[in-house]
Amino acid sequence: MKKLELENFTLPTMEKACSCSGCGCHEAPAGPAAEPENPASLEDFACQTLFHVPGMCCPTEAALIRKKLDGMDGVHGLHFDHMRRTVRIGHAPEALEAITRVLESLNMGARTEREQPAEAPALPWKRVLAAGLLALGSEAAEFASGPDWLVLGLALAAILLGGLGTYKNGWIALKNRNLNMNALMSCAATGALLIGHWPEAATVMVLFSLAEMLEERALHRARGAIRELLSLAPEQATVLDEKGEWAQRDAKTIAVGSRVRVRPGERVALDGRILEGASSINQAPITGESLPVDKGPGDAVFAGTINEAGSFEYEVTALAADSTLSRILHAVESAQGGRAPIQRFVDRFAEVYTPLVFGLAVLAGTLPPLLLGGGWLDWIYRALVLLVIACPCALVISTPVTLVSGLAAAARRGILIKGGAFLELGRKISTLALDKTGTLTMGQPRCIDVQGINGVDGEEGLRLAASLAARSDHPVSAAVALAAREKGLSLREISEFAAVPGQGIQGVMDGMVWSLGNHRMVEECGLCSPQLESRIFPLEEAGKSVVLLMNEKGVHALFAVADTLKPSAREAVAEIRALGVTPVMLTGDNAHTARSIAAQAGIERFRAELLPDDKLAAVAELPGRTGMVGDGINDAPALARADIGFAMAAAGSDTAIETADVALMDDDLRKIPVFLRLSAKTHAILTQNIALALGIKTVFFGLTFLGQTTMWMAVFADMGVSLLVLVNGLRLLRA
């Protein structure tokens, strides 16, 4: 069973500066952080500093950093994120300076979060192009049987121009007994130079540099896919200042409680509540649905949404950093840090794979010449080719890129997934438990049947009943009062209003006592009859609550109130069943109501009259991998017990965003089958990428031992596969 994270999860935006002011670190958040790489828990660290490390792309680089920092005084724990190329370090305040020096000595471009440049540095295309021309010149000189000094000179110039950084990083890695890609490529190129393959050594270095730049560009796109969400909120807003004048202000400086104006066509800059005016608003950045929603005074608006028509003014309810859009962004970014099971497997595999292949290359270069009489230069060359193939970059980068693309694709559709593990697990769900109220139903009782009795027509009966109901806050009374308002009925004056506990309400209209109550009140007043019960019982058996309007002369009207099914619920349930998942409804309502709603939704299995603990037990008894859909608060125990908890997030509910494994931002159940299909597609792409990376390496292993490959072919294949898996993973952004 997964940890009960519902009560403890805290978004990164909740971090606060620690006592070591000025160091760029943060106190650990109250809740569990993403999975640490060592046994220490990040939440126990006194301080945390996030370092961006552009040169860390594989577990081998992470192993080098871990080797240098593990056991160092004041360092308590490390958390690596290969996708974003970051390492979060838990440390004592006084250790930050020493940590920074160690990371700088590794020449991986490490910078603290505060020092990180706003934009990725420009790629040195001209330098690589020049190196490529020199390498091509070396190849041409050798082909034309030119002088050795020219072939070697052009090759060395190409290597110095395009591969000096690789050599520098490779030397640092080897000095620290680490076999990263830079070390492997440096060894391969140096070996090729020593055995006379000068043009090939230059070509290998140029291809490697080119592939590194292309890979970084693709990774930058994947990392930016989620950041694009935040850019939807405008940087400026029109706010009412202290002088009573409207002025443009930076959205980040606008305080809670400020009054902001939005014109037609503008985006909402901050979360708030409408004070004046009305409009139709496109909430796609939050809910994923582009169908505009009509908004008026009292309604909530969210940063990043689009004001399509009308002008309105609203009161700011959250700072820019705490807006619903920002919280979605930070929740998804936080989710990237937790590795899915398949990603943990790949990283562990890569840590073993690289030294294993390096050892195999050493044996391939020595044993055949020693034992089988093979040519030394021939087998050393094959060993160098194996060194190129030894890098697991394509395999390692394939999983985080795919998972992050899936998380971003879901967020764009109003599905907030808390981690890659849940995205991967979704396809395995076999049983889905659904709460009734607010999940399958609207969560607000409606008056769906009005019957006049004893000569009173339905409309007049509704007018009289609503006059009483308007004085009560009971949900059933509220439904009756709402029905009258929707019909535009005027209400009667009420005096001597009183509530009758367990039965209903009463008051005096036009000198006569009128009552609105349940079946029990009718019996207490002596007004019940078999004919009346023949009307009441079928409605109650259909799951409706029945109230009746009466006075001393008899019963004059009957009202059936029920929580109605959401328009999309039946369609969603049908899609869920079509995906092979069995839906089960769990509710605290009575069996009659449960049976009626289940039948309307197309659900065959249901359990009624359940308390929260009963729902927890019911979920525990469900077979296979389970999902639970609820409101994120009352259903918290059951949501935590299920393998995946889905919360109806009500377009920005803080609790739902912070507590759910998966939050549906517009409460539309049809997003659950979207999530299930996205999970299946993500798994398919992960499988394709792993098969592609391992398959091509296996083919090249065989061809290398047969002497059918060259070093530049190995580089092209290895880095080509890296780019292929990146592009394949990014396909999820268009899923």
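Refer to the preceding data block for the structure.
I will try to describe carefully the structure that is included in this document.

Rules behind the numbers
Residues numbered from 1 in each chain as written. Predicted model: local features only at pLDDT ≥ 70, side-chain atom pairs only at ≥ 80, totals over all residues. Heavy atoms only, no water. Helix = DSSP H or I, 4+ residues; strand = E, 2+ residues; numbered from the N terminus. Buried < 20%, exposed > 50% of the residue type's maximum accessible area, 1.4 Å probe, protein only. Contact = heavy atoms within 4.5 Å. Areas by Shrake-Rupley, 256 points an atom, 1.4 Å probe, with all protein chains shown as cover. Pairing = 2+ DSSP bridges. Axes fitted to C-alpha atoms, helices over the stretch in contact; angles between N-to-C directions. Core = buried A, V, L, I, M, F, W, Y, C linked by side-chain atoms within 4.5 Å. Expected span 1.5 Å × (residues − 1). Salt bridge = Lys/Arg side-chain N within 4 Å of Asp/Glu carboxyl O.

In terms of helices and strands, the protein chain carries 24 helices and 26 strands. Per-residue burial for the protein chain yields a buried fraction of 51% across its 735 residues. Of the contacts formed within the protein chain by residues at least 6 apart in sequence, a portion of 69% connects residues at least 24 apart. For the protein chain, the accessible area works out to roughly 31600 Å², and carbon and sulfur atoms hold 56% of it.

This part covers the sheet that holds strand E15 (residues 429-435). By definition, the strands of a sheet pair up through backbone hydrogen bonds, in either a parallel or an antiparallel sense. Spatially, E14-E26-E25-E24-E15-E22-E23 is the arrangement adopted by the seven strands of the open sheet, whose pairing is mixed. Two strands lie at the open edges of the sheet, namely strand E14 (415-417) and strand E23 (605-607), each paired on one side alone. The mean angle between the axes of side-by-side strands here comes to 20°, regardless of whether they run parallel or antiparallel. Judged from the five bridges that link them, E15 and strand E22 (residues 582-586) form a sheet pairing that is parallel. Note that in E22 the partner of Asp 435 across the bridge is Leu 586. Sheet contacts for helix H19 (residues 591-601): E22 and E23; angle to E23, the most-contacted strand, approximately 155°. Docked against the sheet, helix H20 (residues 612-621) engages E15, E22, E23 and strand E24 (625-630), running at close to 165° with respect to E22.

With 43 residues, the main nonpolar core has Met 185, Val 388, Ile 389, Met 711 and Val 715 as its most contacted residues. The dominant element in this core, judged by the number of residues it contributes, is helix H10 (residues 376-389), at eight residues. Not counting residues within four places of it along the chain, the set of residues in contact with Met 185 comprises Thr 166, Val 204, Met 205, Phe 208, Val 388 and Val 715. Counting residues in hydrophobic clusters, the runner-up holds 38 residues, among them Val 581, Met 585, Ala 594 and Leu 732.

Here the focus is the sheet that holds strand E5 (residues 236-240). Judged by pairing direction, the sheet is antiparallel, and its six strands sit side by side in the order E6-E5-E7-E13-E8-E11 without closing on themselves. Since the sheet does not close on itself, it has two edges, and those belong to strand E6 (246-250) and strand E11 (300-301), each with one partner. Pairing between strand E8 (residues 272-277) and E11: two bridges, direction antiparallel. Paired with Arg 273 across the two strands is Ala 300, which belongs to E11.

Once that is clear, we can look at unusual backbone geometry. Look at Glu 496: it is not a glycine, yet its phi comes out positive at around 50°. The residue Glu 496 is located in strand E17 (residues 495-500) in this model. One non-glycine residue, Asp 510, adopts positive backbone phi at about 55°. Examined against the element boundaries, Asp 510 turns out to sit in the loop between strand E18 (504-509) and strand E19 (512-517).

Between the first and last C-alpha of helix H3 (residues 125-143) there are 27 Å, a value that for 19 residues agrees with the 27 Å anticipated at 1.5 Å per step. Two residues or fewer after H3 comes Ser 145, characterised by a positive phi angle close to 60°.

On to the pattern of salt bridges, then. Throughout the structure, instances matching the rule amount to 17 salt bridges. Note that Arg 263 and Glu 266 form a salt bridge whose closest N and O atoms lie 3.9 Å from each other. Looking at Arg 263, the relative accessible area reads 37%, which means it is partly exposed. With a shortest N-O distance of 3.2 Å, Glu 460 and Arg 463 are connected by a salt bridge. With Glu 460 and Arg 463 both in helix H14 (residues 458-469) and three residues apart, this pair spans about one turn of that helix. Residue classification places Arg 463 among the buried positions, given a relative accessible area of 17%. Each of Glu 460, Arg 463, Arg 492 and Asp 510 takes part in salt bridges that share partners, so that together they form one network.

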